[in-house]
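A structural walkthrough
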Amino acid sequence: MKGHLGILRAVIGREFLRFVHQRERFIAALVRPLVWLLVFAAGFRAALGLSIIPPYQTYITYETYIVPGLCGMILLFNGMQSSLSLVYDREMGSMRLLLTSPFPRWWLLFSRLLGSTAISILQVYTFLAVAAAFGITMPPLGYLAALPALALAGLMLGALGLVLSSFIRQLENFAGVMNFVIFPMFFLSSALYPLWKMAESSELLHDICAVNPFTHAVELIRFALYLQLNLPALGWVSLSVVVLMGAAVWGYDPARGLMKRKT
Amino acid sequence: MTDGLRVEGLSFNYGAKKALDEVGFAVPAGRFCALLGPNGAGKSTLVSLLTRLLVAPGGDIHVAGQDMRRHPRRALAALGVVFQQSTLDLDLTVRQNLAYFAALHGLPRAQVPARIDAALDRLGMRERADEKARALNGGHRRRTELARALLHDPRVLLLDEPTVGLDVESRMAITAQVHDLARTDGLCVLWTTHLTDEVRDADQLLVLHRGRIIADGQTGEIRGETPLSDWFLSRTRAAA
């Protein structure tokens, strides 16, 4: 067990060191949600009327509404980014090194996932701090309560990235992933608008949103930020983590999957 | 033979394309074995199978007596690998790169600094320990990877075209260093290459062509009076 924890510590440590050296990437990842928050939301505020829905107890501004969704966006983009770096071979060398470790493969993949999630969470908190500086705040304890929700959501989206990297090799560029994964996941969710709003325009779209795991990730974060537990969301996200993690381990099974064409 | 590398009946297909066809060979401890093959011969596939990035449906691999199929973790623990493509983190220092690897292999933390120093000393890289990998030239990066591959005291060392992209001097230096490792440390070395000048007459030679081993023996005996490059060309052409 000692060796297992050693691997976890080393993989997370490596992610942190790399993160420290890649400040440009960090700032770029921060600019995206901030543009949404400070520009898009400002324009949208007038167009969209929000009623009082849980977990909120008063009327809220649109900016306040989309903060959890943008936290999810950071986790989503980072999860996809790490999968793309694998597809593009940039990180393939380090993956080879990782997978030739004599420890169980599922543990190696899980460690890597936890490492990249830790970095994503750091970015989310930086985003929340900047949002707070602009006056968009949550209950103080909510920031703490959101941590496990962010970790679970980050694991889910990171695992999705791993699965994609092992199964889909045809995606030629980031635009492909944007079109087929990130945009549908993000827009067909409760990140930008509450689901009841969606139901007003289309029942079908509402149903798609309601089964989208990203919706549940966002709701889990939203409720946690207001010190509430959304049990169905927790169930959905946990289930997704287990399924996606299983698929990732299967995809990286040496007898099939990614390495077959990559090597 | 429990210390070296043994491969039996190894076959592998990519869909309908046969990459390896009943490959079998043995390399004893203390031996430098060059695996020579033109591009596309199946070298990379063989390396992936030996490092368990791929698993073949049939055939056996034994690393220092450990069966890769039945005890993959024990077999991998006995194997040191230098991949063709660099696997260093360029933003990390030499020492950090090695420490990361030590953790991946579960080496006791208290031993790690001393082991890193020893491995770097062996390759003459100690004074570069705190430099970032990005600051090193190609030859020194390779040496760092070689030091890293030795960190966990493997019994078998596998190097996949380790001299690709290096200048002549670095190429000669690293070839000599690895020959020394086989001789002085009793390591079993498998060195894949398509460059005949890296192979010495005393080395074991395996020639892989179109997924099959077409020659296995001592280089000097195999080539006779013919220069190895000519011999190699004639054989790979004849077999084509």
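Residues numbered from 1 in each chain as written. Chains lettered and ligands numbered in written order. Predicted model: local features only at pLDDT ≥ 70, side-chain atom pairs only at ≥ 80, totals over all residues.

1. Section: the confidence of the model for chain A
Residues and elements named next belong to chain A. Averaged over chain A, the pLDDT score is 86; the fraction of residues at 70 or greater is 90%. Considering each helix and strand of chain A separately, the mean pLDDT is smallest for helix H12 (residues 259-262), with a value of 47, and largest for helix H10 (residues 213-225), with 97. Considering only residues more than four positions removed or in separate chains, one finds that residues 257-263, a stretch of pLDDT under 50, has 19 contacts. (pLDDT = per-residue confidence, 0-100. Helix = DSSP H or I, 4+ residues; strand = E, 2+ residues; numbered from the N terminus. Contact = placed C-beta atoms within 7 Å.)

2. Comments concerning the sheet that holds strand S4 (residues 58-63) of chain B
Across a sheet, paired strands are connected by hydrogen bonds in the backbone, their directions being either parallel or antiparallel. Residues and elements named next belong to chain B. Spatially, the four strands line up as an open sheet ordered S2-S1-S4-S5, and their pairing is antiparallel. In this open sheet, the two edge strands, each paired with only one partner strand, are strand S2 (17-27) and strand S5 (66-67). By the bridge criterion, five bridges tie strand S1 (residues 5-14) to S4 in an arrangement that is antiparallel. By the bridge assignment for S4, Arg6 is matched with His62. Of the strands in this sheet, S1, S2 and S4 touch helix H1 (residues 43-50), which is tilted by about 65° from S2. (Pairing = 2+ DSSP bridges. Axes fitted to C-alpha atoms, helices over the stretch in contact; angles between N-to-C directions.)

3. Notes on the interface of chain A and chain B
The partner chain B presents 27 residues to the 24 residues of chain A that form the contact. Elements represented by at least two residues in the side of chain A that touches chain B include exactly helix H1 (2-21), helix H4 (92-99) and H12 of chain A. In terms of residue count, the dominant contributor to the side of chain A that touches chain B is H1 of chain A (nine residues).

4. Comments concerning the environment of Gly65 of chain B
Residues and elements named next belong to chain B. Within the secondary structure, Gly65 sits in the loop between S4 and S5. Assessed through the 15 C-beta atoms surrounding it within 10 Å, Gly65 is described here as partly exposed. Spatially, the C-alpha atoms of Gly65 and Asp203 are 22 Å apart, while their sequence positions differ by 138 residues. (Buried ≥ 20, exposed ≤ 12 C-beta atoms within 10 Å, placed from the backbone.)

5. Brief notes about helix H6 (residues 140-167) of chain A
Compared with an ideal rise of 1.5 Å per residue, which puts 28 residues at 40 Å, H6 of chain A spans 41 Å between its outermost C-alpha atoms and is within 8% of the ideal. Along its length, H6 of chain A shows its largest kink, about 35°, at Ala146 of chain A, and proline Pro148 of chain A lies within four residues downstream of that point. (Expected span 1.5 Å × (residues − 1). Bend = angle between axes of the 7 residues up to and from the residue.)

6. Side note on the pairing of strand S7 (residues 156-160) of chain B
All names here are of chain B. The element S7 is largely enclosed, with a buried count of five among its five residues. Of the two faces of S7, the one lined by Val156, Leu158 and Asp160 and the one lined by Leu157 and Leu159 are each fully buried. In this structure, strand S6 (residues 79-82) lies alongside S7, joined through four bridges in parallel fashion. Paired with Gly80 across the bridge in S7 is Leu157. Pairing geometry for S7 and strand S8 (residues 188-193), over five bridges, is parallel. In the strand pairing of S8, Asp160 is matched with Thr192.

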